[in-house]
Amino acid sequence: MTDILIRRTGHAGRITLNRPDALNAMTWDMCRAIADAMQSWRDDPEIRLVVIDAAGDRAFCAGGDIAELYQTGRAGDFAYGQAFWADEYRLNAAIFAWPKPVVSFLQGFVMGGGVGIGCHGTHRIAGDTTAIAMPECGIGLIPDVGATLMLALADGRLGEYLGVTGTRMSAADAVHAGFADHYIPEDLWPELIRQLEQTGDVSVIEASAKPLPASALAAGADDIDRHFAGESLTDILNSLRSEDSAFARDTLRTMERNSPLSMAVTVELLHRLRGPSISIGRALDLEYRFTARSMEHGDFLEGIRAAIIDKDRQPKWQYAGQSVPVSEISKMLRPLGAAALKLEETRVTQPTVGFIGLGNMGAPMAANLAAAGYAVTGFDTAGTTADGVKVAGSAQEAVTGADVIITMLPDGAVLRSVAATVLPHARPGALFVDCSTVDVESARAVAAEASAASVLFVDAPVSGGIGGATGGTLTFMTGGSDDAFEKARPLFDVMGQKAVHCGAAGAGQAAKICNNMILGATMIATCEAFALADKLGLDRQKMFDVVSTSSGYSWSMNAYCPAPGVGPQSPSDNDYTPGFAAELMLKDLGLSQQAAAAVDADTPMGAAALELYRQFVEDEGGRGRDFSAMLPRFAARSRES
Ligand code: NAD
């Protein structure tokens with residue numbers, strides 16, 4: 001093939017991308033040829049390293065060859081693109097994990113697929129013409145080829161900024177952001193490559209490296225971190241729009257060209273990826289969830305049409321920037337089950353799961369595990385079931401022989417009784433994960449019983465509600481031993497986006513109770529402030545615009561605004577249908593006060609919030625309404641009532 005030159009020179013496996021007229025854009029054939037060559041050199045003792053470079057001075061590789069993807073996608077054939085991306089991502093992972101040095105020389109444009117080939121090796125060399133970028137949001141895709149790994153690991157909120165804007169990085173920027181390692185003037189490259197081939201020794205690179213010029217990205221870190229710190233694309237846009245500065249204006253202008261769905265998913269993906277379970281495999285897995293769906297459900301085909309086919313540069317994106325529904329973001333990132341990306345390494349057989357409590361939360365959580373390939377057997381006294389889950393006749397039957405037991409039950413008393421029933425039937429060495437919200441004492445008591453039965457226990461209550469359970473975006477707050485947490489981590493990755501190990505058994509419940517005490521109090525404060533604003537004649541939208549970017553900012557205001565028609569979609573827009581029901585908030589506030597009494601903690605705000613939710617649920621018809629329905633309650637009242 002002439003599009004790519006593959007040969008052995010001295011001690012080096014040599015790969016040269018050779019389509020300079022097409023800016024060395026990667027084709028499927030080039031991808032396969034690189035994969036085959038690297039595989040054949042892997043265990044060859046004569047090959048001590050691989051050197052990848054590219055012909056021409058305009059680009060190392062400006063992306064993937066997307067014309068074929070567009071044609072097949074337009075014809076309704078999504079399998080072609082999925083197979084291409086899967087092969088490409090496997091190659092990216094193979095380069096990342098290759099056991100010997102991989103040296104790349106990155107002149108000119110290095111974008112998309114070029115980053116996947118050039119930026120996962122051990123020695124990534126940039127020069128004066130280097131311009132590295134992940135501009136995929138501009139064509140309705142997201143940063144992929146494993147680039148989200150570097151983005152998630154970059155300092156502060158630089159990853160979000162680079163991911164949604166596609167800003168080009170100079171050599172110094174690329175080193176700052178983790179996409180390159182060395183700056184070496186390009187006229188020195190031919191001699192350096194010759195030495196690498198001759199010696200097979202990468203220490204010659206250090207000897208040629210020059211001090212880095214200044215990085216514009218490093219200089220702009222304060223602006224980037226300030227504006228890109230929010231939870232969502234909406235927060236980022238709100239922050240940029242609230243400031244009249246050159247940075248805010250330029251950044252907004254760039255973002256306004258890009259697909260809002262792609263940008264919103266990019267932000268969410270990076271947030272999910274950050275944290276202890278970050279890896280190239282997880283990055284590619286999450287990216288592939290999006291790309292595999294991008295033609296059918298994303299903006300990808302429209303993005304290519306506008307940029308490359310019709311070249312009108314007027315893409316009609318599905319959503320506007322502020323209004324990408326959280327449910328659509330979750331949908332694009334849901335696990336793909338049997339169709340998930342499979343990397344080369346052998347997959348360990350998935351454990352079997354006995355799942356007790358298939359209610360509003362448990363059913364979608366169990367379904368997500370089943371969709372991800374776990375063999376799930378479920379039981380619920382109400383006879384409920386879930387997609388892909390085999391139903392057992394009893395809790396004992398569901399857990400017998402299971403590697404993992406998961407419970408999602410109403411309260412501590414039910415948890416204790418279910419634990420007493422199932423633990424005698426649990427396999428020694430099994431893992432018991434309780435995701436219910438219960439009192440700390442019950443969590444600790446069940447942990448002790450599990451330990452006596454040689455079962456590892458984790459208390460792992462969740463936040464994120466039914467939407468999070470369905471979308472696989474829950475946050476788990478966990479307590480238990482390090483071993484138990486590590487064993488449970490892959491399950492958390494499927495059912496959620498984040499798992500925090502808070503300490504020993506009971507620590508997860510303690511964190512949940514404290515979090516929800518804050519949530520109850522801030523929701524009440526937000527609702528009463530809106531009711532006051534109404535009576536002061538202040539427009540609710542204006543109130544949101546100010547508070548959501550000022551010091552009154554909170555999750556209750558920004559992500560779950562209790563005023564209908566204001567802020568992102570929330571239960572208030574659906575006549576306060578839960579969401580998170582007021583009686584569940586009452587339960588959690590009750591747990592917080594029970595815990596506070598047990599340890600003699602003074603929690604007057606929590607106590608006041610408990611009393612208000614008690615009145616609302618028990619005396620004022622609040623049961624079955626979302627907990628944000630405190631707003632119409634306050635709005636209808638006077639000081640005396
Ligand atoms: P739910 O009432 O819908 O589900 C609980 C399920 O447990 C029911 O289907 C019930 O039939 C089943 N069950 C009760 N006793 C059982 C037994 N002995 N054996 C087997 N099954 C039994 O409640 P949910 O909304 O799914 O909440 C579950 C837990 O998650 C609760 O602890 C809740 O506080 C917590 N939580 C809920 C939300 C939410 O938004 N719904 C959010 C975070 C946490």
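Quick caveat, the model's predicted, so the values are computed rather than measured. Residues take numbers from 1 onward in each chain, read along the sequence in its written order. Owing to the predicted nature of the model, reporting of local features is limited to residues with pLDDT of at least 70; listing and counting of side-chain atom pairs is limited to 80 or more, with chain, interface and lining totals taken over all residues. Note that the side-chain values use all heavy atoms of the structure and ignore hydrogens as well as water.

## Some points on the overall build of the protein chain
Numbering of helices and strands runs from the N terminus, with a helix taken as a DSSP run of H or I at least four residues long and a strand as a DSSP run of E at least two residues long. The number of helices and strands found in the protein chain is 29 helices and 18 strands. Over its C-alpha trace the protein chain gives a radius of gyration of 27 Å, about what one expects of a compact globule, namely 26 Å for 641 residues. Referenced to the eigenvectors of the C-alpha coordinate spread, the extents of the protein chain come out at roughly 80 × 65 × 50 Å. Each residue gets one of three labels from its accessible area relative to the maximum for its type: buried under 20%, exposed over 50%, partly exposed in between, using a 1.4 Å probe on protein chains only. When the 641 residues of the protein chain are sorted by exposure, 55% land in the buried category. Within the protein chain, contacts between residues at least 6 apart in sequence are counted, and of these 69% link residues at least 24 apart. Per-residue accessibility takes into account occlusion by the displayed protein chains alone, with areas from the Shrake-Rupley method and a 1.4 Å probe. Here the protein chain displays about 25,800 Å² of accessible surface, and carbon together with sulfur accounts for 54% of that area. Distance between charge centres in the protein chain, computed from 52 positive and 77 negative side chains, equals 2 Å. Each radius of gyration reported is based on C-alpha atoms, and the globular scaling rule is 2.2 Å times the count of residues to the power 0.38. We call two residues contacting when some pair of their heavy atoms lies within 4.5 Å. For the purpose of charge, His is not counted, nor are the chain termini; Lys and Arg are scored as positive and Asp and Glu as negative. Positions of charges follow a simple convention, taking NZ of Lys, CZ of Arg, CG of Asp or CD of Glu.

## Concerning the packing of aromatic side chains
Two aromatic rings, drawn from Phe, Tyr or Trp (for Trp, its six-membered ring), form a pair once their centres lie within 6.5 Å of each other, and the interplanar angle then sorts them: stacked below 30 degrees, edge-to-face above 60, tilted otherwise. This model, assessed by the stated rule, comprises 13 aromatic pairs. One Lys or Arg, Arg-32, reaches over the ring of Trp-28 and ends 4.3 Å from the middle of that ring. Seen from the ring of Phe-634, Arg-633 lies directly overhead, with NZ or CZ sitting 5.2 Å from the centre. Over a ring means this: the NZ of a Lys or the CZ of an Arg is within 6 Å of the ring centre and within 35 degrees of the ring normal.

## Let's talk about the site of the ligand
Whether a residue is near a molecule or strand is decided by its heavy atoms; if any one of them lies within 4 Å of it, the residue is near. Around the ligand sit 24 residues in total, of which Asn-360, Met-361, Asp-380, Leu-409 and Lys-587 are the nearest. N or O atoms closer than or at 3.5 Å make up a polar contact, with two conditions inside protein: a donor-capable atom paired with an acceptor-capable one, and, for residues adjacent in sequence, both atoms drawn from side chains. Take Thr-381: an N or O atom from its main chain is 3.4 Å from a nitrogen atom of the ligand. For the ligand, an oxygen atom lies 3.4 Å from a polar atom in the backbone of Pro-410. Protein chains shield 84% of the accessible area of the ligand, which is 830 Å² for the free molecule. Taken together, the elements giving at least two residues each to the shell around the ligand come down to helix 20 (412-422), helix 22 (465-471) and helix 27 (582-599). Its residues assigned to classes, the shell around the ligand comprises 13 nonpolar, eight polar and three charged. Domains are outlined according to an automatic or database domain assignment. Split by domain, the shell around the ligand shows at least three residues from each of two domains, domain 2 (349-505) and domain 3 (512-635). For this scheme, ten residues count as nonpolar: Ala, Val, Leu, Ile, Met, Phe, Trp, Tyr, Cys and Pro. Four count as charged, namely Asp, Glu, Lys and Arg, and the remainder, Gly too, count as polar.

## Side note on helix 14 (residues 260-273)
By this rule the span expected of a helix is its residue count minus one, scaled by 1.5 Å. Counted at 1.5 Å a residue, the expected span for helix 14 with its 14 residues is 20 Å, and the 20 Å between its end C-alpha atoms agrees. The element helix 14 is extensively covered by neighbouring structure, given that 14 of its 14 residues are classed as buried. One or two positions beyond helix 14, positive phi appears at Gly-275, with a value near 120°.

## Let's talk about the domain arrangement of the protein chain
What the domain assignment lists for the protein chain is domain 1 (4-337), domain 2 (349-505) and domain 3 (512-635). Its C-alpha centre places domain 1 at a distance of 37 Å from the equivalent point of domain 2. Every contact between the two is made by eleven residues of domain 1 and, on the other side, 13 residues of domain 2. Buried area is calculated as the accessible area (1.4 Å probe) missing from two parts once they are joined, with the contributions of both summed. When domain 1 packs against domain 2, the two sides together hide about 1,000 Å² of surface, and 44% of this comes from carbon and sulfur. Of all residues in domain 1, Arg-272, Arg-334 and Pro-335 bury the most surface against domain 2, accounting for 42% of the area lost on that side.

## Quick notes on the side chain of His-182
Structurally, His-182 can be placed in strand 9 (residues 182-183). For His-182, a relative accessible area of 12% corresponds to the buried category.

## Examining the packing of helix 24 (residues 507-535) against helix 27
Angular values range over 0 to 180 degrees, each being the angle between N-to-C directions of two axes fitted as lines to C-alpha atoms, with helices fitted over their stretch in contact. At their nearest, the axes of helix 24 and helix 27 sit 9 Å apart, and the two run at 120° to each other. Taken together, helix 24 and helix 27 sit at an angle that is classed as oblique. At the point where helix 24 passes helix 27, the crossing takes the left-handed sense. Across the interface between the two elements, Lys-512, Ile-513, Asn-516, Met-517, Leu-519 and Gly-520 from helix 24 touch Met-585, Asp-588, Leu-589, Leu-591, Ser-592 and Gln-593 from helix 27. Partitioning the contact of helix 24 with helix 27 into residue classes produces six nonpolar, four polar and two charged. Oblique is the label for any angle not covered by the other classes, which are roughly parallel (under 35 degrees), roughly antiparallel (over 145) and roughly perpendicular (65 to 115). Should the near helix be turned counterclockwise from the far one by less than a right angle, the crossing is left-handed, whereas a clockwise turn marks it as right-handed.

## A few points about the layout of surface pockets
In this analysis the probe radius is 1.4 Å and the grid spacing 1 Å, with only protein atoms considered; a cavity is a set of points the probe fits into but cannot get out of, a pocket is an open set with protein on both sides within 12 Å along at least five of seven lines, and lining residues have an atom within 4 Å of a point. Grid points are joined across faces, edges and corners, and a volume is the space filled by probe spheres set on the points. Its boundaries defined by the atoms lining it, the second largest pocket holds a volume of some 1,100 Å³. As for the second largest pocket, its lining consists of 39 residues, and the residues nearest its centre are Pro-135, Gly-138, Ile-139, Ala-307 and Ile-308. Per-element tally for the lining of the second largest pocket: the top contributor is helix 16 (residues 300-309), with four residues. Looking at the lining of the second largest pocket residue by residue, the classes come out as 20 nonpolar, eleven polar and eight charged.

## Structural notes on the sheet that holds strand 4 (residues 59-61)
Picture the strands of a sheet paired through backbone hydrogen bonds; they go either parallel or antiparallel. One open sheet accounts for three strands, arranged 4-6-8; its pairing is parallel. Only two strands of the sheet have a single partner each, and these edge strands are strand 4 and strand 8 (131-133). For this sheet the average axis-to-axis angle between neighbouring strands, irrespective of direction, equals 15°. Pairing analysis gives three bridges linking strand 6 (residues 109-111) to strand 8, with the strands arranged parallel. Here, any two strands with at least 2 DSSP bridges between them count as paired.

## What about the nonpolar core?
Counting residues in each nonpolar core, the largest one holds 97 residues, and the members touching the most others are Val-115, Phe-179 and Phe-300. Within this scheme, the nonpolar core is defined by two criteria: the residues are buried Ala, Val, Leu, Ile, Met, Phe, Trp, Tyr or Cys, and they are joined through side-chain atoms within 4.5 Å. The next biggest cluster of nonpolar side chains, apart from the first, holds 35 residues, and it includes Val-353, Ala-363, Ala-366 and Tyr-374.

## Regarding the pattern of salt bridges
The rule for a salt bridge is simple: a side-chain nitrogen of Lys or Arg has to be within 4 Å of a carboxyl oxygen of Asp or Glu. Overall, the coordinates contain 32 salt bridges when judged by the stated rule. Between Asp-493 and Arg-282 there is a salt bridge; the shortest N-O distance is 3.8 Å. Remark: Arg-282 occurs in helix 15 (residues 280-294) and Asp-493 occurs in helix 23 (residues 482-495); sequence separation between them is 211 residues. A relative accessible area of 8% places Arg-282 in the buried class. In this structure, Arg-614 engages Glu-611 in a salt bridge whose closest nitrogen and oxygen atoms are separated by 2.9 Å. Within this pair, Arg-614 and its partner Glu-611 are both found in helix 28 (residues 604-619), separated by three residues, close to a single helical turn.

## A few points about the sheet that holds strand 7 (residues 123-126)
Taken in spatial order, the six strands of this open sheet run 1-2-3-5-7-9, and their pairing is mixed. This sheet does not close on itself; its edge strands, each paired only once, are strand 1 (4-9) and strand 9. Direction of pairing for strand 1 relative to strand 2 (residues 12-17): antiparallel, over a ladder of six bridges. Within the sheet, the bridge partner assigned to Thr-9 lies in strand 2 and is Ala-12. Packing of helix 8 (residues 189-199) onto the sheet brings it into contact with strand 1, strand 2, strand 3 (49-54), strand 5 (102-106) and strand 7, and relative to strand 5 it is tilted by some 165°.

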